Amino acid sequence: MGDIIGALAAITGERHVVPGDELRSRPMDFWTNEPTLARALVKPGSTEEVSKVLALCDREGIAVVPEGGRTNLNQATRADGASILVSLERMNAVDAPDEAALTVEAGAGAVIQTIQERCAASGLRFGLDFGARGTATLGGALATNAGGFQALRYGVARDQVLGLECVLADGTVLSHLSPYRKDNTGYDLKQLFIGSEGTLGIITRAVLRLHPAPATVATALLAFPSFDAAVRTLARLQRDLRGTLSSFEIMWPEFFERNVEALCGARRPVVPGAAVYGLCEAEGFEPDGDPALFEAVVGAALEAGDIEDAVVAQSSRQRDELWRIREDFEAEQRLFTVPVDFDVSLPLGAMEAFATEVEATLRREVPDVLGLHVFGHLADGNLHLTTGLPTPERIGALKEVVYSLIARYHGSISAEHGIGVLKRDYLHHSRSPAEIATMRLLKTALDPRGTLNPGKVI
Ligand SMILES: Cc1cc2nc3c(=O)[nH]c(=O)nc-3n(C[C@H](O)[C@H](O)[C@H](O)COP(=O)(O)OP(=O)(O)OC[C@H]3O[C@@H](n4cnc5c(N)ncnc54)[C@H](O)[C@@H]3O)c2cc1C
């Protein structure tokens, strides 16, 4: 088609189509400083418009790349100069939460923090939270099945969804905005689209599960004498905090010390020299009892020698300061000329051996590697590893070392960030040939012309 821009404008209105040359000054995503390449960016205002845009592009053989806040970490929104980007930023309404049914319905363009705040104003909690909350959208978080800080308590993005509406590549609308916790009416189609990174359909709306907002929050930064002591403390807190533990994060010393130095200077929150550091948080409903219980359980772990030193936040400002030590990984990124990040799942019992073996193997097989920083969501079995190289030539060799080790430890090469472009060629380390063939079958069945987000995942 000669005038695709005109045809898109006829669907959404001219001011909702941005021509490609106006996108070039915009970075492709949060992490990649490359310009956005696309023929145009279109911003539909309704599911019907999304359907018409997709039907048009599918008919004309034009690739479509859905985008949300562009905060993904795997180049999952990378487009070439012939593709059309589809943003749902106009479809961002968040309905009033249903306080009895504990549900809320929202458009896929709604920003995660906006959903959190809307629910909090009604005394409710939306159980998904991660560092990019102020930019990432519901559609993007569902399409990547994001995890984050509270998966221990509330589950990952998939666990928040009761009903879903999405549009297939040919424009077919699948709308099942079911608000029910119980709905066994055949195949659970929504699960196909959650975590599919925009390759099977465009998510337009969702009905989300909510929880009563907790009345208390207690946060502690912990220094552990050993990794095993951290794991024992996690078990203790899960057992003794009456189900209120909501986060248990882990930081290896290299990561922790760099962030403490950058953020706290000489005001160190806990003693130096620990084997690993943790950040834990509990959210409860008993203002009279929760703070004392939290201090008592942390105190018992100190007494047992499983915690070397601890600081319990005394105000919300102190809480934020402690969380920044864990959340801020930009200092890490700046440290490495060419940073290479990993986001893996492993059995808790294998994590320490894995981290030690990765470091030793990298030093042996990729000697120009510039260090290794490890942190993550211990309670979810999810580690993030950041390393780097002086130049990009050896990135492939570095990744092969880490992913081969992951396969040997029976881990997952992507715990929560998805596959996108960057991990596509390594999928076989975590998925069998039969599983990958079944994924291809699904892709072909739902998107036979390969219109949606080509080159991602498989
Ligand atoms: C500082 C920071 C911290 C982060 N921390 C975490 C963390 O703790 N845990 C975690 O899991 N992730 C984390 N992330 C990554 C996180 O997965 C993404 O930020 C988020 O899930 C993507 O949302 P987005 O709106 O930015 O989507 P985008 O990046 O725009 O898109 C992501 C993928 O979803 C697709 N997509 C977007 N919208 C739709 C739609 N409506 N329908 C279908 N497909 C769509 C895109 O094509 C792409 O494949 C972090 C990112 C940053 C920048």
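None of the values given here were measured: they were computed from a predicted structure.

1. Re the overall build of the protein
- A tally of helices and strands in the protein yields 14 helices and 17 strands.
- Over its C-alpha trace the protein gives a radius of gyration of 23 Å, about what one expects of a compact globule, namely 23 Å for 458 residues.
- The C-alpha extent of the protein, read off along each of the three principal axes, is 70 × 55 × 40 Å.
- Relative to its 458 residues, the protein shows a buried fraction of 53%.
- In the protein, once contacts between residues fewer than 6 apart in sequence are set aside, the share between residues at least 24 apart is 72%.
- Here the protein displays about 19400 Å² of accessible surface, and carbon together with sulfur accounts for 52% of that area.
- Taking the average place of the 44 positive charges on the side chains of the protein and the average place of its 61 negative ones, the gap between the two points comes to 3 Å.

2. A few points about helix H3 (residues 112-120)
- Those residues of H3 that fall on the buried side of the exposure criterion are Ile112, Ile115, Gln116 and Cys119. Looking straight down H3, one finds that the buried residues subtend no more than 100° of arc, so they occupy a single side.
- If you follow the buried residues of H3, they end up packed against strand E5 (103-107), strand E6 (124-125), helix H4 (138-143) and strand E9 (202-209).

3. Here we look at the site of the ligand
- Taken together, 37 residues surround the ligand, and among them Pro66, Gly68, Thr71, Thr137 and Gly147 come closest.
- Here Ala76 contributes a backbone N or O atom positioned 3.3 Å from an oxygen atom of the ligand.
- In the complex, the protein chains occlude 96% of the 970 Å² of accessible area that the ligand would expose alone.
- Ranked by residue count, the leading element in the shell around the ligand is H4, at four residues.

4. Brief notes about the domain arrangement of the protein
- Partitioning the protein into structural domains gives domain 1 (4-87), domain 2 (103-212), domain 3 (216-327) and domain 4 (336-417).
- Here domain 1 and domain 4 have C-alpha centroids that lie 33 Å from each other.

5. Some points on the packing of helix H8 (residues 253-264) against helix H10 (residues 316-327)
- Two elements in contact, H8 and H10, have axes whose closest approach is 9 Å; the angle formed by their N-to-C orientations is 130°. In terms of axis orientation, H8 runs oblique to H10. Between H8 and H10 lies a crossing whose hand is right-handed. Between H8, through Phe255, Phe256, Asn259, Val260, Leu263 and Cys264, and H10, the contact on the second element is made entirely by Arg324, Ile325 and Arg326.
- Here the residues of the contact of H8 with H10 sort into six nonpolar, one polar and two charged.

6. Remarks on the sheet that holds strand E4 (residues 84-87)
- On the basis of which strands lie adjacent, the open sheet formed by four strands has the order E1-E2-E4-E3 and mixed pairing. Across the chains shown, the open sheet's two edge strands, defined by having one partner strand only, are strand E1 (17-19) and strand E3 (64-67). Ignoring strand direction, the axes of neighbouring strands in this sheet form an average angle of 20°.
- Where strand E2 (residues 40-42) lies against E4, three bridges are found, and the strand directions are parallel. Within E4, the residue paired with Val42 across the bridge is Val86.
- Running at roughly 160° to E1, helix H1 (residues 4-12) makes contact with E1, E2 and E4 of the sheet.

7. Some details on the packing of aromatic side chains
- Tallied over the entire structure, the rule returns nine aromatic pairs.
- The interplanar angle of 75° and the centroid separation of 5.3 Å between the aromatic rings of Phe342 and Tyr403 together place this pair among those described as edge-to-face. Remark: Tyr403 occurs in helix H13 (residues 395-408) and Phe342 occurs in strand E15 (residues 338-345); sequence separation between them is 61 residues. Each member of the pair, Phe342 as well as Tyr403, is classed as buried.
- Clustering of aromatic rings is evident, with ring pairs tying together Phe342, Tyr403 and Tyr426.

8. Description of the sheet that holds strand E7 (residues 161-167)
- The antiparallel open sheet is built from four strands, whose spatial order is E5-E9-E7-E8. Each edge of the sheet is formed by a strand with only one pairing partner; in this case those strands are E5 and strand E8 (173-176). Averaged over neighbouring strand pairs, the angle between their axes works out to 15° when direction is ignored.
- Relative to E9, E5 is paired through five bridges, and the arrangement is antiparallel.

9. Observations concerning unusual backbone geometry
- Its identity as a non-glycine residue notwithstanding, Gln75 has a phi of 55°, on the positive side.
- Note on placement: Gln75 falls in the loop between E3 and E4.
- Look at Val457: it is not a glycine, yet its phi comes out positive at around 65°.
- The topology assignment puts Val457 in the segment after helix H14 (433-446).

10. Some remarks on the side chain of Glu249
- Relative to the assigned elements, Glu249 resides in strand E12 (residues 245-251).
- Among the residues examined, Glu249 registers a relative accessible area of 1% and is labelled buried.
- One polar contact links Glu249 to His377, side chain to side chain, over a distance of 2.8 Å.
- Here Glu249 is in contact with Phe149, Tyr277, Gly278, Leu279, Trp323, Arg326, Gly376, His377 and Leu378, once residues within four sequence places are set aside.

Calculation notes
Residues numbered from 1 in each chain as written. Predicted model: local features only at pLDDT ≥ 70, side-chain atom pairs only at ≥ 80, totals over all residues. Heavy atoms only, no water. Helix = DSSP H or I, 4+ residues; strand = E, 2+ residues; numbered from the N terminus. Rg over C-alpha atoms; globule rule 2.2 N^0.38 Å. Buried < 20%, exposed > 50% of the residue type's maximum accessible area, 1.4 Å probe, protein only. Contact = heavy atoms within 4.5 Å. Areas by Shrake-Rupley, 256 points an atom, 1.4 Å probe, with all protein chains shown as cover. Lys, Arg positive; Asp, Glu negative; His and termini not counted. Charge placed at Lys NZ, Arg CZ, Asp CG, Glu CD. Arc of directions from axis to C-beta. Near = heavy atom within 4 Å. Polar contact = N/O pair within 3.5 Å; in protein donor to acceptor, adjacent residues only side chain to side chain. Domains from an automatic or database assignment. Axes fitted to C-alpha atoms, helices over the stretch in contact; angles between N-to-C directions. Parallel < 35°, antiparallel > 145°, perpendicular 65-115°, else oblique. Left-handed = near helix turned anticlockwise from the far one by under 90°. Nonpolar A, V, L, I, M, F, W, Y, C, P; charged D, E, K, R; others polar. Pairing = 2+ DSSP bridges. Phe/Tyr/Trp six-rings, centres within 6.5 Å; stacked < 30°, edge-to-face > 60°.

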